[in-house]
Amino acid sequence: MYKTRLLSLSIGVLVTYAFLHSVAQAAFPDDFEGVVWRDPAVVATWAETATLSVSHNSSALRIINSKRAVWDKKLHSILQSDCCNASAWVFARFNGVWNAATFEYMRFDQIIKGPYTVNGTQVGLAPFKSGSYVWTPNQGEVIAFMVSGMARRNLNDVNVRERSNVYLYKWGVGPVTEIDDDGIIVDPPEPEPEPEPEPEEECVEPEPENNTHIYNGVVGGTVTVVTPTDEIWPFFVDEPLSVSVKDDRSLVMLVDEEQMQSQVNANGNFTGSFTLQKQLFGEACNVTINVLGNVNGNSITGSGTGSEQCGDLSAVLDATFTANSQTTPSFLDERPPQPKQCVPVMAPIHSLLLL
């Protein structure tokens, strides 16, 4: 019963979300006031130096930017290529609010993309893609386009801090010369016969791997217990240890069914804490263990310390651990960058998701 209600609620939210997106009207602000920027908002302040026009048919989306062969190319840290010199932006309304996000990289002097690239999966950010909802422009929906220097997700690879005008476009119809809250005025130019586009190659961002590497070992040390009469009793600790490390630097340590999650930093170090449960002279004692460790190739080493008052007893733990793996995370390897892959864009190839 609970799952059925939850499913009905989820479907209702998605239907409402899509309905509000499709019917809401809002004039596009010339000064970008009220626009929600899902990629770097500072692009709104960049100088408008380029002129943009857009058209599309079933086989091609033409994004004609006057600076497409002027803005310099730059080696991109994610693409691992200097093939591109611009980011393509799309503006769409959700619940009456304009949202702006990048959806593609543009190669030097490139004017043609596949029309299927205008969608929420390409954008990869909410509200264009939220849960199972994926935005695609409806026939007759007014959206807008813009190009800028490299600004997808961040400005780490920016080549030029310039942008084009915003180009309003009614999907499946043509350019829009004016839009207001009461209606849309569409003034498309007379269509001209368009030649079939030449096949182009698209620079594809390599898909990152995130493999898991298992380190197995032991934790050894002592729990020293001091009684109310100052008697000292050492208890030896010898527990199996399992540590999983992923290529994205996430780490999970498992000791005596207790789990600790952490993140490996640039030096290979990691920290965290977990609770060790022990019965000491009939007293249930939960000692919080503070962990300091290091991932170094195929081995992990570190220490754990902690103290706790357990009734009339005090307990102090001092331990070290070692673990080894047959494989190592990629962030520890000196692997060469993965080369870009180039594929034709004449057909809808869904591997062109440059997120």
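Calculation notes
Residues numbered from 1 in each chain as written. Predicted model: local features only at pLDDT ≥ 70, side-chain atom pairs only at ≥ 80, totals over all residues. Heavy atoms only, no water. Salt bridge = Lys/Arg side-chain N within 4 Å of Asp/Glu carboxyl O. Helix = DSSP H or I, 4+ residues; strand = E, 2+ residues; numbered from the N terminus. Buried < 20%, exposed > 50% of the residue type's maximum accessible area, 1.4 Å probe, protein only. Contact = heavy atoms within 4.5 Å. Phe/Tyr/Trp six-rings, centres within 6.5 Å; stacked < 30°, edge-to-face > 60°. Lys NZ or Arg CZ within 6 Å of the ring centre and 35° of its normal. 1 Å grid on protein atoms, 1.4 Å probe; cavity = no way out; pocket = protein on both sides within 12 Å on 5 of 7 lines; lining within 4 Å. Points joined across faces, edges and corners; volume = space filled by probe spheres on them. Nonpolar A, V, L, I, M, F, W, Y, C, P; charged D, E, K, R; others polar.

A.B. asks: Could you give an account of the pattern of salt bridges, naming the residues involved and the relevant values?
C.D. replies: On inspection of all chains with the given rule, the structure shows five salt bridges. Across the pair Lys67 and Glu162 runs a salt bridge whose closest N-O atoms are separated by 3.6 Å. Of this pair, Lys67 sits in the loop between strand S4 (61-65) and strand S5 (84-94) while Glu162 is found in strand S11 (residues 162-164), placing the two residues 95 residues apart along the sequence.

A.B. asks: Outline the environment of Lys73, listing residues and values.
C.D. replies: Mapping Lys73 onto the fold places it in the loop between S4 and S5. The partly exposed category is assigned to Lys73, whose relative accessible area is 43%. Taking the C-alpha atoms as reference points, Lys73 and Val158, 85 residues apart in sequence, are found 9.8 Å from one another. Discounting chain neighbours no more than four positions away, the residues touching Lys73 are Asp82, Cys83, Cys84, Asn85 and Phe108.

A.B. asks: Provide a residue-level description of the packing of aromatic side chains, including the pertinent values.
C.D. replies: Applying the stated rule across the entire model yields 12 aromatic pairs. Taking the centre distance of 5.2 Å and the plane angle of 65° together, the rings of Phe32 and Trp37 count as edge-to-face. Exposure remark for Phe32: the relative accessible area of 9% places this residue in the buried category. Centre to centre, the rings of Trp37 and Trp89 are 5.4 Å apart; their planes meet at 75°, and the pair counts as edge-to-face. Pair noted here: Trp37 is in strand S1 (residues 36-37) and Trp89 is in strand S5, with a separation of 52 residues, a long-range link. Look at Trp37 and you get buried, because its relative accessible area is 16%. Owing to a relative accessible area of 0%, Trp89 belongs among the buried residues under this scheme. The ring of Phe108 carries the charged tip of Lys73 above its face, separated from the ring centre by 5.6 Å. The positively charged end of Arg152 is found above the aromatic ring belonging to Tyr105, 5.8 Å away from the centroid.

A.B. asks: Outline empty space enclosed by the protein, listing residues and values.
C.D. replies: Under the criterion given, the structure shown has four cavities of 30 Å³ or more. Size it by volume and the largest cavity reaches roughly 120 Å³. Around the largest cavity, the lining comprises 14 residues; the ones closest to its centre are Val219, Val255, Phe274, Ile289 and Ala319. Counting only elements with at least two residues in the lining of the largest cavity, the list comes to strand S17 (232-246), strand S18 (250-255), strand S20 (269-280), strand S21 (283-296), strand S22 (299-310) and strand S23 (313-324). With three residues, S23 is the largest single contributor of residues to the lining of the largest cavity. Classifying every residue of the lining of the largest cavity gives 11 nonpolar, two polar and one charged.

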